[in-house]
Each structure stands twice: as structure tokens, then as C-alpha cells.
Amino acid sequence: MATTTINGQEVTVDDEGFMTNYDQWNEEIGKSLAAAIGVDMTDEHWKVIHFLRDDFKAQGVTPTIRRVSTAGGVDTKRLFTLFPKKPAKKMAYIAGLPKPAGCV
Amino acid sequence: MTDTVPAEMIVPSFDDDVETDRTLAIICSKGSLDMAYPGLILGNAALGEGVGVHLFFTFWGFDMITKGRMEHLVFSPVGNPATHIPAALAPLPGLAKMATSQMQKAMDALEIPPVPEFLELVKASGAKIWACRLSADMNHLTMDDLWDGVDGIINASDFIEMTDGAQLLFI
């Protein structure tokens with residue numbers, strides 16, 4: 001557990017850099033997080049990130065890729081294009097949420 | 001990118017700059033419901049980590065990609081002492097059906113998709129799906145009999161060639 005500064009705001013993160021406090025996130029922070037890992041945010045990206053945030057709030061856990069696809073309505077293939085290589089982890093990082101724990 | 005990241009930020013490495021051609025090849029040789037999942041789950045996990053995945057279906061595993069069979073895989077306790085069902089009871093009529101239904105319910109409760117849907121998921125995530133030439137010949141099956149997500153019917157030599165340098169898993 002550590003604190004780091006993003007956009008001049010103090011943010012708590014775990015050892016890997018994932019945010020641990022849901023309420024500390026805002027879109028500006030999300031933008032900085034995305035920039036830090038080389039993701040260019042478009043409206044499509046934001047739609048996914050907002051789904052993740054809403055779903056986490058409702059379910060208490062970060063949705064898996066499958067859930068983003070079935071409940072969030074974004075095609076799996078598209079997710080791999082928007083967030084290449086490690087989509088689940090990248091989405092969680094940008095959304096200020098923990099890595100998804102589920103297997104599928 | 002790195003010079004615009006504030007020094008205080010802790011950024012995980014997502015291996016974007018690492019040119020990884022790490023590949024995992026999974027041979028699915030079983031046709032029972034319980035043995036259909038390990039390959040799919042690990043394959044899916046690998047894809048989610050940016051690892052290339054080849055799924056190779058052979059022998060009984062062929063049932064997992066054959067139309068009409070893939071939706072009806074069965075889990076039977078027969079010959080499976082790990083289920084702790086007495087051997088004499090395992091072959092009783094109706095037991096396999098019950099065990100299958102129980103297993104599917106357990107999977108549904110954890111939001112693990114049924115096999116056909118799971119295959120769609122791994123395919124959409126980038127897995128290559130291969131059917132074994134010998135198994136196809138033995139069962140007189142062609143691409144028409146197989147799930148349309150199958151990329152092709154290949155023989156053992158093709159498989160060995162395409163998995164050069166890959167990690168291999170036999171299920």
C-alpha cells in the first residue's frame with residue numbers, strides 16, 4: 001500500500017500501482033492513468049471505463065472481460081483492440097479499480 | 001511516453017514494449033464435461049495476459065467442437081474415484097445425467113459459460129482453433145460437421161511446426 005500523486009492529487013495505490021480507493025478517482029485521473037500506459041482514450045474507451053466503474057459500484061467486484069462483453073455490451077474482439085494484450089488489467093487500471101479476480 | 005509520466009506515479013508494466021511471442025498450445029483430448037473446462041479456462045486466462053493460444057482438439061476432445069455434440073457433453077462418475085461415489089453405484093441409470101446437471105449448475109453459479117459459448121469467447125479473444133486430421137478421418141467428419149469457429153483440420157506435423165517454441169499443455 002502506498003500513496004502516489006496524480007494530477008497533484010494524493011491517491012492510494014497497491015504495490016503494482018492499481019488504485020485502492022474507489023472514491024479518489026475522477027476522469028482527469030483516469031486520463032493520466034491511461035496516458036501512463038500508452039492508451040489513447042476515445043469515447044469508446046470511456047464508455048467501457050464508465051461501465052466498469054458502475055458495475056463495480058453495483059456488484060462490489062471488478063467485472064471480467066466476459067462480463068464487460070455480456071453485460072456491458074462491448075464485443076470481446078473490440079476490447080482486445082481498445083486495450084491491447086492485457087485488456088482486463090488495463091481497463092481496471094485506468095478505471096481506478098482492482099484487477100478482476102474471476103477466472104473467466 | 002515515459003518522459004511524460006510524473007515521477008511519483010507507480011505504473012505497472014503491461015509488457016507493451018516487450019515483443020513477446022509467448023504462445024501456449026493446449027491439446028484437448030477429452031470429451032467429458034469436466035475435462036472440457038481446464039483447457040478453455042487456461043486458454044482464456046492466457047489470452048487475457050496477451051499470450052497467443054492454439055487449441056488443438058483430438059480424439060475424444062473432438063466432441064467439444066462437433067456440432068450436435070458440443071452442447072451435450074456429459075460428466076460421468078464411472079471410473080472416476082475422485083468423485084467419491086461408490087464404484088458400484090456410478091453406472092446406475094440416471095446418475096451421469098444428474099452429475100452432469102449438477103456440474104453445469106455449479107459452473108453457471110460461478111458465471112462460467114457453457115462449452116459452446118466459452119469457445120466463442122476464446123475465439124473472439126484471439127485463440128486459434130484446430131481439429132486433428134486423424135480424429136476427423138477416424139470419425140469420417142469434415143469441416144461441415146464441425147463448429148464454424150474451427151480454423152482448420154491439421155495433422156500432427158502441422159501442429160508440431162506451428163507450436164515451435166510454444167509451451168505445451170496436454171489435457
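The rules behind each value
Residues numbered from 1 in each chain as written. Chains lettered and ligands numbered in written order. Predicted model: local features only at pLDDT ≥ 70, side-chain atom pairs only at ≥ 80, totals over all residues. Helix = DSSP H or I, 4+ residues; strand = E, 2+ residues; numbered from the N terminus. Rg over C-alpha atoms; globule rule 2.2 N^0.38 Å. Buried ≥ 20, exposed ≤ 12 C-beta atoms within 10 Å, placed from the backbone. Contact = placed C-beta atoms within 7 Å. Nonpolar A, V, L, I, M, F, W, Y, C, P; charged D, E, K, R; others polar. Pairing = 2+ DSSP bridges. Axes fitted to C-alpha atoms, helices over the stretch in contact; angles between N-to-C directions. Parallel < 35°, antiparallel > 145°, perpendicular 65-115°, else oblique. Left-handed = near helix turned anticlockwise from the far one by under 90°. Right-handed = clockwise from strand over helix to strand, strands pointing away. Core = buried A, V, L, I, M, F, W, Y, C linked by C-beta atoms within 7 Å.

A.B. asks: Where do I start with the overall build of chain A in this structure?
C.D. replies: Secondary structure assignment for chain A yields five helices and two strands. Starting at the N terminus and walking to the C terminus, you meet the elements of chain A as β-β-α-α-α-α-α. Taking 2.2 N^0.38 as the reference for a compact globule, 104 residues should give roughly 13 Å; the C-alpha atoms of chain A span a radius of gyration of 13 Å, in line with that estimate. Scored against the burial criterion, the 104 residues of chain A give a buried share of 36%. For chain A, contacts bridging at least 24 residues in sequence account for 46% of all contacts bridging at least 6.

A.B. asks: What am I meant to see in the interface of chain A and chain B here?
C.D. replies: Interfaces are often described in size by the accessible area the parts lose on coming together. At the interface, 25 residues of chain A touch 25 residues of chain B. For the side of chain A that touches chain B, the secondary structure elements donating two or more residues are β1 (2-6), α1 (27-36), α3 (65-70), α4 (76-82) and α5 (87-94) of chain A. It is α5(A) that contributes the most residues to the side of chain A that touches chain B, five residues altogether. Taken together, the residues of the side of chain A that touches chain B sort by class into 13 nonpolar, five polar and seven charged.

A.B. asks: What am I meant to see in the sheet that holds strand β2 (residues 52-57) of chain B here?
C.D. replies: Strand pairing in a sheet relies on backbone hydrogen bonds. The paired strands run either parallel or antiparallel. Residue and element names in this part refer to chain B. Spatially, β4-β3-β2-β1-β5 is the arrangement adopted by the five strands of the open sheet, whose pairing is parallel. The open sheet has two edge strands with one neighbour each: β4 (152-154) and β5 (167-170). Shown here is a sheet whose adjacent strand axes are inclined to one another by a mean of 25°, direction ignored. Here four bridges tie β2 to strand β3 (residues 128-132), and the two strands are oriented parallel to one another. Considered in β3, the bridge of His54 is made with Lys128.

A.B. asks: How should I be thinking about the packing of helix α1 (residues 33-48) of chain B against helix α3 (residues 115-124) of chain B in this particular structure?
C.D. replies: When two helices pack together, you describe them by how their axes are tilted relative to each other and by the distance separating the axes. Residue and element names in this part refer to chain B. Interaxial distance between α1 and α3 falls to 10 Å at its minimum, and their mutual angle equals 25°. As far as their axial angle goes, α3 and α1 are roughly parallel. The interaxial crossing formed by α1 with α3 has left-handed handedness. Contact residues: Ala36, Leu40, Gly43, Asn44 and Leu47 in α1; Val115, Phe118, Leu121 and Val122 in α3. In terms of residue class, the contact of α1 with α3 is made up of seven nonpolar, two polar and no charged.

A.B. asks: What is the right way to look at the pairing of β2(B) in this model?
C.D. replies: One face of the sheet, then the other: side chains in a regular strand alternate in exactly this way. Residue and element names in this part refer to chain B. The buried fraction of β2 amounts to five of the six residues, a majority that puts the element mostly inside the structure. In terms of strand pairing, strand β1 (residues 23-28) meets β2 through six bridges, oriented parallel. Paired with Ala25 across the strands is His54, a residue of β2. Handedness of the crossover joining β1 and β2 through α1: right-handed.

A.B. asks: Could you clarify how one ought to interpret the environment of A:His50 in this entry?
C.D. replies: Residue and element names in this part refer to chain A. Relative to the assigned elements, His50 resides in helix α2 (residues 43-59). For His50, a count of 14 C-beta atoms within 10 Å corresponds to the partly exposed category. Along the backbone, His50 and Gly72 are 22 residues apart, and their C-alpha atoms lie at a distance of 9.8 Å.

A.B. asks: How should the pairing of β1(B) be read in this particular structure?
C.D. replies: Residue and element names in this part refer to chain B. Most of β1 is tucked away, with five of its six residues classed as buried. The pairing of β1 with β5 spans four bridges and is classified as parallel. Along β5, the bridge assignment pairs Ile26 with Leu169.

A.B. asks: It is not clear to me how the environment of A:Met41 should be interpreted in this structure. Could you clarify?
C.D. replies: All names here are of chain A. Its location among the elements puts Met41 in the loop between α1 and α2. Take Met41: there are 17 C-beta atoms within 10 Å of it, and that puts it in the partly exposed class. Counting along the chain gives 54 residues from Met41 to Ala95, while the straight-line C-alpha distance between them is 12 Å. Residue contacts for Met41: discarding those within four places in its chain leaves Lys31, Ala34 and Trp46.

A.B. asks: Looking at this structure, how should I read the nonpolar core?
C.D. replies: What tends to happen in soluble globular proteins is that the nonpolar side chains get buried as a cluster. If you look at the biggest cluster of nonpolar residues, it comprises 34 residues, and the most contacted ones within it are B:Leu55, B:Phe56, B:Phe57, B:Met64, B:Ile65, B:Val122 and B:Ala131. Broken down by secondary-structure element, the contributors of at least two residues to this core are β1, α1, β2, α3 and β3 of chain B. What B:Phe57 contacts, discounting residues up to four positions off in sequence, is B:Cys28, B:Phe62, B:Met64, B:Ile65, B:Trp130, B:Ala131 and B:Cys132. Counting 21 residues, the second largest nonpolar core, distinct from the first, contains A:Ile37, A:Val39, A:Val68 and A:Tyr93.

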